[in-house]
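In case you want the letters, here they are:
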Amino acid sequence: MLYIIGLGLGDERDITMRGLEAVKSCEKVYMEAYTSLLSFGLDSHGLSNLEKLYGKSITLADREMVEEKAHHILEEARHSHVAFLVVGDPFGATTHTDLVVRAKKMGIHVQIVHNASVLNAIGICGLQLYRYGQTVSIPFFTDSWRPDSFYEKIHSNRTMGLHTLCLLDIRVKEPTLESLARGRKTYEPPRYMTINTAIEQLLEVVQEHQQPAYTEDTQCVGFARLGSDDQTIVAGTMRQLQMVDFGAPLHCLVITGNTHPLEEEMLEFYRCRT
Ligand SMILES: C[S@@+](CC[C@H](N)C(=O)[O-])C[C@H]1O[C@@H](n2cnc3c(N)ncnc32)[C@H](O)[C@@H]1O
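Counting restarts for each chain: residues are numbered from 1 in the order of the written sequence. Whole-chain, interface and lining totals are the exception, using all residues; otherwise, since this is a predicted model, local features are given only for residues with pLDDT of at least 70 and side-chain atom pairs are given and counted only at 80 or more. With hydrogens and water stripped out, all remaining heavy atoms of the structure feed into the side-chain values.

A. Just the site of the ligand, in detail. Neighbouring the ligand are 19 residues; S117, V118, L168, L226 and H251 lie closest to it. Two N or O atoms count as a polar contact when they lie within 3.5 Å, although within protein this holds only if one can serve as hydrogen donor and the other as acceptor, and sequence-adjacent residues are included solely when both atoms are side-chain atoms. Here an oxygen atom of the ligand and a backbone polar atom of D89 are 2.9 Å apart. At a separation of 2.9 Å, a nitrogen atom of the ligand approaches a polar backbone atom of L226. Note that accessible areas follow from Shrake-Rupley with a 1.4 Å probe, and for residues the cover is restricted to the protein chains shown. Here the ligand, which alone exposes 570 Å², has 93% of that area covered by the protein. A majority-of-atoms criterion places the ligand in the largest pocket. What counts as a helix is a DSSP run of H or I of at least four residues, what counts as a strand is a run of E of at least two, and both are numbered from the N terminus. At the level of elements, β7 (164–168) and β12 (251–255) are the ones that each hand at least two residues to the shell around the ligand. Here the nonpolar group is Ala, Val, Leu, Ile, Met, Phe, Trp, Tyr, Cys and Pro; Asp, Glu, Lys and Arg are the charged ones; every other residue, Gly included, is treated as polar. Among the residues forming the shell around the ligand, the class breakdown is eleven nonpolar, six polar and two charged. A domain assignment, automatic or from a database, supplies the domain bounds used here. For the shell around the ligand, the two domains that each supply at least three residues are domain 1 (2–116) and domain 2 (119–268). Nearness is defined per residue: one heavy atom within 4 Å of the molecule or strand is enough. Only protein atoms enter the calculation, which uses a 1 Å grid: trapped sets of points that fit a 1.4 Å probe without letting it out are cavities, open sets showing protein on both sides within 12 Å along at least five of seven lines are pockets, and any residue with an atom within 4 Å of a point is a lining residue. Placement in a cavity or pocket follows one criterion, namely that more than half of the molecule's atoms lie within 2 Å of its grid points.

See below:
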């Protein structure tokens, strides 16, 4: 049996009763460690908090393991109970759908335990969840790689008056260029995109378009560490949010579409005062 268990967004206390029971029944516990981050991080201290709560040791499943060695996890799940822990909800990231499909094709029973996701937690700012268009991902630009496919999606969302959730890049376990050349992998330190960098890139991309989908004066909402005790939510123009220090990761950004008066009333509680 493969259990895919959402941990929610805050800390170890956010697992559901059902999730906790499932973890406790498993012989092997993996923790997915690259599409998100719990508020206490995944250092040895954060992990040991989880291990203490579950009374089990946890194996970190990094990008390489999930993408290249998923077969090994699935083979274990064929013969025993295996838990695969995911920050947020299991279906808040596309990777985990792939795991479910592979497991089902191998005839392995899969059980999903849902939890809160960034995809619904953004509702806290008052923008109605059913007034969103396509979600976009904003990758870190490099000197030679500046993919901007997110722009057209934002454009079409805004044309229809819909809000856009921008998920921001997470780079963990990226091999350094030198190590690739040498054939022995060493890794860059982890990087998490800030709202400030996202806005800088958004404003760079929009300059290349005649009829801009947004400007520096477009209303947005920035979210940091949603679901944790020190979550930060600020509403303001792109220009205003660029000046805000949102602190530690994770961050995401919403570009507003047309707003309803009730949405405006809620946004007032988070309005940037500078
Ligand atoms: C691929 S999504 C994974 C979402 C996760 N599985 C879930 O269901 O919430 C990861 C992105 O969501 C955003 N994100 C996730 N958790 C967040 C949080 N607690 N606060 C703000 N943004 C968050 C970040 O932009 C991050 O790069």
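B. The arrangement of the UniProt feature "binding site: S-adenosyl-L-methionine" (unreviewed entry) in the protein in detail. UniProt feature "binding site: S-adenosyl-L-methionine" (unreviewed entry): in the numbering of this structure it lies at L9, D89, G92, S117, V118, L168, L226 and H251. Annotated residues from the preceding list that form part of the lining of the largest pocket: these are L9, D89, G92, S117, V118, L168, L226 and H251. Considering the arrangement of structural elements, one finds G92 in the loop between β4 (82–86) and α5 (95–105). Accessibility expressed as a relative area gives 31% for G92, which makes it partly exposed. The contact partners of G92, leaving out residues within four places of it in the chain, are S117 and L119. With respect to the element layout, L168 can be found in strand β7. UniProt positions are given in the numbering used here, feature names are shortened, and annotations may be inferred rather than shown by experiment. Only protein chains enter the accessibility calculation, which uses a 1.4 Å probe; a residue whose area is less than 20% of its type maximum is buried, one above 50% is exposed, and one in between is partly exposed. We call two residues in contact whenever any of their non-hydrogen atoms come within 4.5 Å of each other.

C. Fine view of the sheet that holds strand β5 (residues 110–113). If you trace the five strands from one edge of the open sheet to the other, you get β3-β2-β4-β1-β5, paired in parallel fashion. Looking at the sheet topology across the chains shown, the edges are occupied by β3 (58–61) and β5. With strand direction ignored, the average angle separating the axes of adjacent strands in the sheet is 25 degrees. Strand pairing is assigned whenever DSSP identifies at least 2 bridges connecting the two strands. Pairing of strand β2 (residues 28–32) with β4 involves four bridges; the strand directions are parallel. Across the sheet, residue K28 finds its bridge partner in β4, namely V82. Against the sheet, α5 engages β1 (2–6), β2, β4 and β5, with an angle of about 165 degrees to β1. Structural elements are reduced to axes, namely lines fitted to C-alpha atoms, with helices fitted over the stretch in contact, and the angle between N-to-C directions of any two is expressed from 0 to 180 degrees.

D. Spotlight on the domain arrangement of the protein. Annotation of the protein at the domain level lists domain 1 (2–116) and domain 2 (119–268). On the domain 2 side, the residues contacting the 13 residues of domain 1 number 15 residues. A quick way to say it: buried area is the sum, across both parts, of accessible area lost when two parts are put together, with a 1.4 Å probe. A buried area of about 1,100 Å², summed over both sides, lies between domain 1 and domain 2, and 54% of it is on carbon and sulfur atoms. Contact with domain 2 buries surface across domain 1, with L9, L37 and E64 losing the most and accounting together for 39% of the total. Salt bridge, as used here: a side-chain nitrogen of Lys or Arg that lies within 4 Å of a carboxyl oxygen of Asp or Glu. Along the contact surface separating domain 1 from domain 2 lie one salt bridge.

E. Spatial organisation of the environment of L74. Among the secondary structure elements, L74 is positioned in helix α4 (residues 70–79). The spatial distance from the C-alpha of L74 to the C-alpha of L2 is 7.6 Å, given a sequence separation of 72 residues. Look past the residues within four positions of L74 in its chain and what remains in contact with it is L2, L99, R102, A103, M106 and I108.

F. Spotlight on the state of the cysteines. Any two cysteine sulfur atoms within 2.5 Å of one another count as a disulfide. In total, this model carries zero disulfides according to the counting rule given. C166 supplies the cysteine sulfur nearest to C220, a cysteine that is in no disulfide, at a spacing of 7.5 Å. There is no disulfide at C272, and the cysteine sulfur nearest it, in C220, is 12 Å away.

G. Examining the packing of α4 against α5 more closely. α5 packs onto α4 with a crossing angle of 50 degrees between their chain directions and a minimal axis gap of 10 Å. The pairing of α4 with α5 is recorded here as oblique in orientation. Viewed along their axes, α4 and α5 form a crossing whose handedness is right-handed. Touching A70, H71 and L74 of α4 are L99, R102 and A103, all from α5. Residues belonging to the contact of α4 with α5 are distributed by class as follows: four nonpolar, one polar and one charged. Roughly parallel means an angle under 35 degrees; roughly antiparallel, over 145; roughly perpendicular, 65 to 115; everything else is oblique. Left-handed describes a crossing whose near helix is turned anticlockwise from the far helix by less than a right angle; the clockwise case is right-handed.

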